[in-house]
Amino acid sequence: MKRCPQCGREYDNSMSFCLDDGAELLYGPAVLSEPGADATGEFLEPATAILSAGGMPPSGGASHRDEATQILGSETHEIERLDRGIQSESEPTSQSAHSAASSGGRVGFDKRLFAAPLLFAVMILGVFFGYRYFASTNQIESIAVMPFVNGSGNSDVEYLSDGMTETLIRSLSQLPNLNVKSRSSVFRYKGKDTDAKTIARELGVQAILNGRVVQSSEGVSLTLELIDAASDNVLWAEKYDRRSSDLVALQNEIARDVSTKLRLKLSGADEQKLAKRYTTDSDAYRLYLQGRFYWNKRAGRDFEKSVAYFRQAIEKDPSFALGYVGLADYYGDKEREKAKENVNRALALDDNLAEAHGTLGYQYMLDYDWTAAERHMKRALDLDPKNNVELYRWNGQRLMMLGRYDEALEAYRRALEIDPNSSPVHFIYGSCLVASGQLDKGIEYLENTIKADPSFVWSHSQLSFAYRFKNNYERAVEERAVAQELLGEMENAKLTRESFAKGGRDGYLREMIRQGVNPDGITGGMRTASAHAILGEYDKALDTLELGATKGEFWLFQIKFDPAYEPIRGNPRFQALLKKFDASS
């Protein structure tokens, strides 16, 4: 058994901290009747009394020795060896025993009889406290914050459990001495009954944090449980019952409590990061969480819902910088002026937002302003060098646009070290292999990416592009149609397949031009331009490329390696477009 040294509450051996006051639990009985007596009132030997008075388990008695063995592990063998030596030394020889018997049982005082148990007690005390000291002060350096369970029974509040998880991941990720697994790494376990040891082994972490959120008319209830992955023991558990208006303060409280239980040594700057509040309005915070919940869908109708929540969050709190970042991320490269306007508002409110600098750096990439893009990307990575997958992905894209493929692939590998399961990073890694001339390797990589995540639209779209390079139009058509289906464009997918079945390559290219806008929304008119070029309509191809350049098309850089443009590569208009991707010009 363990007990709390402050309140005396008893726990079994799997617990490490008191649920009432958070104090570290100690081994031993909760209450002793008096020094020199055990909990049953029986008189204790001198050395045993010394140990018990210190709140430690007695050294005699099989049950207490077993408990000490569990605590000390391999060190116990040495203690037991010494113990046997002490006992054999203190046992009376046959001669002294005979003398004692012949003298009527009166034995003279032997200092060893007192010193031996005392020495053993001191040894046990020293080793036990030494072990407890080092074990309890060992800092946990890696953790996976698992998706909090929505215990409300209402799918409409799923955003709250997801959002609180993401917020905690974001807060803990800012601490320099802690490796926190990214959102996409942990969310693949959502809804799955996977045990903590398996998760810890697959993610390579020391601890798992589980949570359960229940929202009711009275407020929010959150239960947390921190698990030691090696032993599967619960290190700490806590329940928080708060009013809905206290939601922002609750998030800060959770981050502080978790960092304390992880034994993190925080500097003043670290503590300020944990205590930072981006808004004091709980309604604005809720709306932001709903916006991020839908933005994480990345595409389709659910994704489109995010913009309304971001706007409402800002209306509630016009100083909420993260709300403006959310809007900027939504607008992305679709409405670039709005994206830049909102991210600049965010930075005016808080210049230390890594995600805001990253978003602005991405926008400068689409302006083909390489100096400004590099400045903001570097600033973002300086602010968040450890755990932000998106920043490394964006920086890799900047390098890829400039033709610095080896550096781009290295940036993507760094992103995959943080999150080995990120479909967006795997997709762009395969795209970079294709761009760098490693066509077969790129196709194989994209096919494996699709096997791992068949629902990721962009992988299918990019694989369609790569198959066209090999003149494998049958596969190119099918992958494009699958991408359209994943976006809910069933009619376009049907027409894509029919166009090829009836008109072959040219029929498919004509249908691509007719549809006008690519299904994935990120290659934009670039596929249309390449279709014109393959069909020999070079002026229309150049017109489409130049229009894309004025809009800031990310995928415009593909003109550097797309074989469709070989016949017009020497055209002055085409050469002017190529210069946009020369950082020295």
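Conventions adopted
Residues numbered from 1 in each chain as written. Predicted model: local features only at pLDDT ≥ 70, side-chain atom pairs only at ≥ 80, totals over all residues. Heavy atoms only, no water. Salt bridge = Lys/Arg side-chain N within 4 Å of Asp/Glu carboxyl O. Helix = DSSP H or I, 4+ residues; strand = E, 2+ residues; numbered from the N terminus. Buried < 20%, exposed > 50% of the residue type's maximum accessible area, 1.4 Å probe, protein only. Expected span 1.5 Å × (residues − 1). Contact = heavy atoms within 4.5 Å. Arc of directions from axis to C-beta. 1 Å grid on protein atoms, 1.4 Å probe; cavity = no way out; pocket = protein on both sides within 12 Å on 5 of 7 lines; lining within 4 Å. Points joined across faces, edges and corners; volume = space filled by probe spheres on them. Nonpolar A, V, L, I, M, F, W, Y, C, P; charged D, E, K, R; others polar. Polar contact = N/O pair within 3.5 Å; in protein donor to acceptor, adjacent residues only side chain to side chain. Axes fitted to C-alpha atoms, helices over the stretch in contact; angles between N-to-C directions. Parallel < 35°, antiparallel > 145°, perpendicular 65-115°, else oblique. Left-handed = near helix turned anticlockwise from the far one by under 90°. Patch = residues over 30% accessible without salt bridge, like charges linked within 9 Å, V, L, I, M, F, W, Y side chains within 5 Å. Areas by Shrake-Rupley, 256 points an atom, 1.4 Å probe, with all protein chains shown as cover. Lys, Arg positive; Asp, Glu negative; His and termini not counted. Charge placed at Lys NZ, Arg CZ, Asp CG, Glu CD. Pairing = 2+ DSSP bridges. pLDDT = per-residue confidence, 0-100. Phe/Tyr/Trp six-rings, centres within 6.5 Å; stacked < 30°, edge-to-face > 60°. Lys NZ or Arg CZ within 6 Å of the ring centre and 35° of its normal.

Visitor: Before we move on, can you summarise the pattern of salt bridges with the specific residues and values?
Guide: By the definition in use, this model includes 37 salt bridges. For Lys276, the salt bridge identified is with Asp350, shortest N-O distance 2.5 Å. Placement of the pair is Lys276 in the loop between helix H10 (268-275) and helix H11 (282-295) and Asp350 in the loop between helix H15 (336-349) and helix H16 (354-366), with a sequence separation of 74 residues. A relative accessible area of 32% means that Lys276 is categorised as partly exposed. Notably, a salt bridge pairs Arg505 with Asp506, separated by 2.8 Å at the nearest N-O pair. Given the relative accessible area of 35%, Arg505 is considered partly exposed. Looking at Asp506, the relative accessible area reads 35%, which means it is partly exposed.

Visitor: I'd love a proper account of helix H23 (residues 473-486), names of residues and values included.
Guide: Its 14 residues give H23 an end-to-end C-alpha distance of 20 Å, which sits within 8% of 20 Å, the value for a rise of 1.5 Å per residue. Turning to H23, its buried residues are Tyr473, Ala476, Val477, Glu479, Arg480, Ala481, Val482, Ala483 and Gln484. Residues of H23 that are buried in the fold lie against helix H21 (439-452), helix H22 (457-469), helix H24 (490-515) and helix H25 (526-534). Downstream of H23 by a residue or two, Gly488 has a phi angle that is positive, lying close to 85°.

Visitor: Which residues make up helix H13 (residues 306-316), and what values go with them?
Guide: Buried within H13 are the following residues: Ser306, Val307, Phe310, Ala313 and Ile314. End-on view of H13: buried residues confined to an arc of 125°, all on one side of the axis. If you follow the buried residues of H13, they end up packed against H11, helix H12 (300-304) and helix H14 (321-331).

Visitor: Tell me about empty space enclosed by the protein, and please be specific about residues and values.
Guide: Scanning the model with the defined rule gives four cavities of 30 Å³ or more in all. Roughly 70 Å³ of volume is contained in the second largest cavity. In terms of lining, the second largest cavity is formed by Ser464, Phe465, Arg468, Tyr508, Leu509, Met512, Arg527 and Ser530. Residue classes in the lining of the second largest cavity are distributed as four nonpolar, two polar and two charged.

Visitor: Residue-level account of the side chain of Ser530, with values.
Guide: With respect to the secondary-structure elements, Ser530 resides in helix H25. At 3.4 Å, the side chain of Ser530 forms a polar contact with the side chain of Arg468. Contacts of Ser530, omitting those with residues within four sequence positions, involve Arg468, Asp562, Ala564 and Tyr565.

Visitor: Break down the packing of helix H20 (residues 423-435) against H21 for me, citing the residues and quoting the values.
Guide: Helix-helix packing is described using two parameters, namely the angle between the two axes and the distance between the axes. At their nearest, the axes of H20 and H21 sit 7 Å apart, and the two run at 165° to each other. With respect to their mutual orientation, H20 and H21 come out roughly antiparallel. Judged by the sense of rotation from one axis to the other, the crossing of H20 with H21 is left-handed. Taking contact as the criterion, the partners of Ser423, His426, Phe427, Tyr429, Gly430, Ser431, Leu433 and Val434 in H20 are, on H21, Leu439, Lys441, Gly442, Tyr445, Leu446 and Thr449. Counted by class, the contact of H20 with H21 contains seven nonpolar, six polar and one charged residues.

Visitor: Run through the environment of Ala200, naming residues and quoting values.
Guide: Relative to the helices and strands, Ala200 is located in helix H8 (residues 196-203). Measuring from C-alpha to C-alpha, the distance between Ala200 and Asp228 comes to 9.3 Å, with 28 residues separating the pair along the chain. When neighbours within four sequence positions are excluded, Ala200 is seen to be in contact with Val205, Ile208 and Ala229.

Visitor: Could you give an account of a negative patch on the surface, naming the residues involved and the relevant values?
Guide: Judged by side-chain charge, Asp193, Asp195, Glu202 and Asp232 come together as a negatively charged surface patch. Topologically, Asp232 is positioned in the loop between strand E8 (219-228) and strand E9 (234-242).

Visitor: Tell me about the pairing of E9, and name the residues and values.
Guide: If a strand is regular, its side chains alternate between the two faces of the sheet. Note that E8 and E9 share eight bridges and pair antiparallel. Residue pairing in the sheet places Leu224 in a bridge with Glu238 of E9. Turn length for the E8-E9 hairpin, with the two strands adjacent in sequence and antiparallel, is five residues, and the turn residue Asp232 shows positive phi of about 65°.

Visitor: How would you sum up the confidence of the model for the chain? Please name residues and give values.
Guide: Do not read the fine detail of predicted coordinates wherever pLDDT is low. Overall, the predicted model of the chain reaches an average pLDDT of 82, with 77% of residues at or above 70. Counted against residues more than four places away or in other chains, residues 29-109, with its pLDDT under 50, gives 86 contacts. Segment residues 125-137: pLDDT under 50, and 21 contacts once partners within four positions in sequence are set aside and those in other chains are kept.

Visitor: Outline the side chain of Lys181, listing residues and values.
Guide: Structurally, Lys181 is set in the loop between strand E6 (179-180) and helix H7 (183-187). One buried charge, Lys181, has no salt-bridge partner; the nearest side chain with opposite charge is Asp419, at 7.8 Å. A polar side-chain atom of Lys181 sits 3.3 Å from the main-chain carbonyl oxygen of Leu203. Dropping the residues within four chain positions of it, Lys181 is found in contact with Ile143, Ala144, Ile169, Val186, Leu203, Val205 and Ile418.

Visitor: Go over the environment of Gln515, please, and point to the residues and values.
Guide: Relative to the assigned elements, Gln515 resides in helix H24. Each residue touching Gln515, except ones within four places of it in the same chain, is listed here: Arg480, Gln484, Asn492, Leu495 and Thr496.

Visitor: Which residues make up the packing of aromatic side chains, and what are the values?
Guide: The full count for this structure, using the stated rule, is 23 aromatic pairs. Residues Tyr294 and Tyr309 carry aromatic rings whose centres are separated by 5.7 Å and whose planes lie at 15° to one another, so their mutual orientation is stacked. Highlighted residues: Tyr294 in helix H11 and Tyr309 in helix H13, separated in sequence by 15 residues. Among the residues examined, Tyr294 registers a relative accessible area of 17% and is labelled buried. Plain terms: the ring middles of Trp370 and Phe581 are 6.3 Å apart, the flat faces sit at 45° to each other, and that makes the pair tilted. With Trp370 in helix H17 (residues 370-383) and Phe581 in the segment after helix H27 (572-578), this pair connects stretches of sequence that are 211 residues apart. With relative accessibility at 5%, the residue Phe581 sits in the buried group. Pairwise contacts between aromatic rings join Phe427, Phe456, Trp458, Phe465, Phe469, Phe554, Trp555, Phe557 and Phe561 into one cluster. The ring of Phe293 has Lys297 sitting right over it, with the charged end atom 4.7 Å from the ring centre.

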